[in-house]
Amino acid sequence: MTRETLMDRGREIVILFCEINHIEFPAVILWEKKQWDQAGRKSTAYYTEDGRINICLKRCASSGIYSYPGYTSDSTPYGVLNHELGHHVDRISSWDMSKEAREITRERQVSSYNTNEQEWFAEMFRVFATNPDLLRILRPKMHAYLVSRFRPVETRTW
């Protein structure tokens, strides 16, 4: 699958998730690699307080052995968009959802990308949005926490 296809599929999940959970859809801003690099950005994407997901498609991974859509390691555009949706959901909540989730579940990280509480939450949320059955198996307390607050989009068992 191309990065463009993965971006389109990731955006479909984000839109549907927001629609069925009555969440304001975040704007998605697509950057060209040259402009991204000139701005000094090192990551693949970031979320801004005003509700925008900024993403550089060329910095995202392609689907392969080390990064696969819907898996615990997913730095494809599909996974990156849903990770940033996790930040969006965390920030628009009227409480500190990432902190509450960590305190209640006390579950360890689901991926190697875990630089702070917010990233821990965004990674858990990414797996919930793209493959909730996998999160249910790997982190049942976090799955229960998220299911009690949101309706999953993906319903297939993987």
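Refer to the structure above for everything that follows.
Computed from a prediction, not measured in an experiment: that's the story for all the values here.

Basis of the calculations
Residues numbered from 1 in each chain as written. Predicted model: local features only at pLDDT ≥ 70, side-chain atom pairs only at ≥ 80, totals over all residues. Heavy atoms only, no water. Phe/Tyr/Trp six-rings, centres within 6.5 Å; stacked < 30°, edge-to-face > 60°. Lys NZ or Arg CZ within 6 Å of the ring centre and 35° of its normal. Helix = DSSP H or I, 4+ residues; strand = E, 2+ residues; numbered from the N terminus. Expected span 1.5 Å × (residues − 1). Buried < 20%, exposed > 50% of the residue type's maximum accessible area, 1.4 Å probe, protein only. Contact = heavy atoms within 4.5 Å. Salt bridge = Lys/Arg side-chain N within 4 Å of Asp/Glu carboxyl O.

**Digging into the packing of aromatic side chains**
So, step 1. Under the definition given, this model contains 8 aromatic pairs.
So, step 2. Its guanidinium or amino end placed over the ring of Tyr46, Arg41 lies 3.9 Å from that ring's centre, counting from NZ or CZ.
So, step 3. Positioned above the aromatic ring of Tyr145, the side-chain terminus of Arg149 is 3.6 Å from the ring centre.

**Details of helix H5 (residues 117–130)**
So, step 1. In this model, H5 (14 residues) spans 20 Å end to end at C-alpha, consistent with the 20 Å of a helix rising 1.5 Å per residue.
So, step 2. Burial of H5 is extensive: 12 of the 14 residues sit out of reach of the surface.
So, step 3. Turning to H5, its buried residues are Glu119, Trp120, Phe121, Ala122, Glu123, Met124, Phe125, Arg126, Val127, Phe128, Ala129 and Thr130.
So, step 4. In this structure, the buried residues of H5 make contact with helix H1 (3–20), helix H3 (77–92), helix H4 (97–105), helix H6 (132–138) and helix H7 (140–147).

**Focus: the pattern of salt bridges**
So, step 1. Enumeration over the complete set of coordinates arrives at 8 salt bridges.
So, step 2. Arg149 is paired through a salt bridge with Glu100; the nearest N and O atoms lie 3.3 Å apart. Of this pair, Arg149 sits in the segment after H7 while Glu100 sits in helix H4, and the two are 49 residues apart along the sequence.
So, step 3. A salt bridge links Arg136 to Asp133; the nearest nitrogen and oxygen atoms lie 2.7 Å apart. With Arg136 and Asp133 both in helix H6 and 3 residues apart, the pair spans about one turn of that helix.
So, step 4. Classification of Asp133 as buried rests on a relative accessible area of 13%.
So, step 5. Taken together, the shared-partner salt bridges connect Lys33, Asp37 and Arg59 into one network.

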